[in-house]
Structure formats: C-alpha cells, structure tokens
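Structure assessment
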Amino acid sequence: MKNVVTFLVGALVGAGIVYFICCNDDTEEIIGTPKGIITPAEASALDKAFNSRHQLISDSIVKRPDNRSSWYSLKDMRDYLSIAEKEATGLGYKMDGVRIYLGAYPDTANEVGYTTMFFVPTGNLITAEGSMLNFSLMQGGGKDIPDGTGLNAGDPGDPPSENYPQ
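Report follows, based on the coordinates. Every value quoted in this text rests on a predicted model; they were computed, and no experiment measured them.

A look at the overall build of the chain
Of regular secondary structure, the chain possesses three helices and five strands. If you list the helices and strands of the chain from N to C, you get α-α-β-α-β-β-β-β. With 166 residues in all, the chain has 20% of them scored as buried. Relative to all contacts within the chain whose residues are 6 or more apart in sequence, the contacts with residues 24 or more apart total 64%.

This is the structure in structure tokens:
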C-alpha cells in the first residue's frame with residue numbers, strides 16, 4: 001500500500017512539473033536577435049544621411065516634399081508573410097525572406113506620384129525532395145521569387161516628408 005501511495009504522489013508531482021514546463025502560456029518565447037538590429041541613434045544617422053537624396057528627389061523630380069517612410073500594421077505583416085510562404089511553396093520555392101524595394105506611384109495629370117516601399121518574397125527553388133542538406137538555403141538572401149505576390153500600400157509618413165522619428 002505504501003508503494004502505491006508513493007507511486008501516485010510521484011506521478012502527480014511529475015505531471016505537475018511537465019505541465020508547468022510544457023504547457024504554461026505565461027513563459028516568454030525565447031527568440032534570437034536578428035542580424036541588423038540598430039539603435040535609435042543609428043536609425044537617426046541613417047535618416048540624416050538620406051536628407052540630401054530626399055531633398056534632390058523632392059526639389060528636382062516630385063516638386064514637393066516626397067514620402068520618406070511607409071507604415072505597415074503587425075497584422076498585415078504577419079498575414080503577408082504567411083500568404084507569401086504558402087504561395088512560395090506552391091511555386092516550388094523555399095521562402096527565406098523579403099526584399100524591400102523603393103518605388104513610386106504613377107504620375108497623375110496634376111502631380112508626380114509619391115515614393116513608396118514594397119516587399120517581395122525571396123527564396124530558393126526547391127530542387128530535391130530527398131536531399132538531407134540544401135546548401136542553397138545556407139547562402140543567405142535568396143533571389144526574388146518569380147510570380148510571388150508583393151506587399152505595398154503602407155501608410156505614408158505624417159506628413160509624408162517627416163524625418164525619423166515620427
């Protein structure tokens with residue numbers, strides 16, 4: 001009888017430990033620091049270094065203060081990444097990131113279009129299903145995925161020409 005009670009107490013304690021280790025939603029997810037993290041001071045320096053280019057574009061091409069930034073909601077970014085990954089797989093690619101391009105909206109009869117920033121998925125063509133090692137994934141920074149859907153239509157700065165930080 002004593003062995004049965006000891007067994008039951010041990011099983012309950014073990015189950016409790018497993019529950020708190022594996023199933024506790026209060027624990028923070030451990031994530032790595034992405035390559036390229038910058039400080040606010042570094043962001044400010046990059047923004048200031050762009051001033052002369054922005055002035056040139058605004059004065060000589062757009063003829064008004066041009067857009068300097070785009071804002072995307074977390075929901076839109078997560079949804080886009082999910083859609084792009086599924087689409088890439090369907091196109092035979094392993095998505096490894098996104099590339100951000102500068103673009104411009106088409107000119108209208110009244111004015112030159114604002115600058116915009118848009119994302120396109122990048123990755124590598126999946127060539128062998130049974131390969132144990134895919135060296136192309138280790139090279140970093142795949143090529144744009146042909147026929148991959150991009151993401152645009154972020155909100156411009158407020159006002160569009162506003163510097164960092166807004």
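After that view, the rundown keeps rolling.
Observations concerning the pattern of salt bridges
Counted according to the given criterion, the structure contains three salt bridges. Residue K75 is joined to D79 by a salt bridge in which the shortest nitrogen-to-oxygen separation is 2.6 Å. Of this pair, K75 and D79 are both found in helix α3 (residues 74–90), four residues apart, which corresponds to roughly one turn of the helix. D144 is paired through a salt bridge with R99; the nearest N and O atoms lie 2.3 Å apart. Taken together, the residues span a long stretch of sequence, with D144 in strand β4 (residues 143–144) and R99 in strand β2 (residues 93–104) at a distance of 45 residues. Owing to a relative accessible area of 29%, D144 belongs among the partly exposed residues under this scheme. A residue is classified by how much of its surface remains accessible, and R99, at 30% relative accessible area, is partly exposed.

Examining the sheet that holds strand β3 (residues 115–125)
Ordered by their spatial adjacency, three strands build an open sheet running β2-β3-β4, and the pairing between neighbours is antiparallel. On the outer flanks of this sheet lie β2 and β4, each paired with one strand and no other. Two strands pair when backbone bridges link them, and β3 and β4 are joined in this way by two bridges, in the antiparallel orientation. Counterpart to G123 in the pairing with β4 is K143.

The rules behind the values
- Residue positions are given per chain, counting from 1 as you read along its sequence in written order.
- Local features in a predicted model are, by the rule used here, given only for residues with pLDDT of at least 70; side-chain atom pairs are given and counted only at 80 or more, and totals for whole chains, interfaces and linings are based on all residues.
- Here the side-chain values reflect all heavy atoms present in the structure, with hydrogen atoms and water set aside.
- A run of DSSP states H or I qualifies as a helix once it reaches four residues; a run of E qualifies as a strand once it reaches two. Both are numbered from the N-terminal end.
- For every residue, the accessible area (1.4 Å probe, protein chains only) is compared with the maximum for its type, and the residue is labelled buried under 20%, exposed over 50%, or partly exposed between those bounds.
- Contact between two residues is taken to exist if any of their heavy atoms lie within 4.5 Å; hydrogens are not considered.
- Between Lys or Arg on one side and Asp or Glu on the other, a salt bridge is scored when a side-chain nitrogen of the former is within 4 Å of a carboxyl oxygen of the latter.
- Each pair of strands is called paired provided DSSP finds at least two bridges between the two strands.

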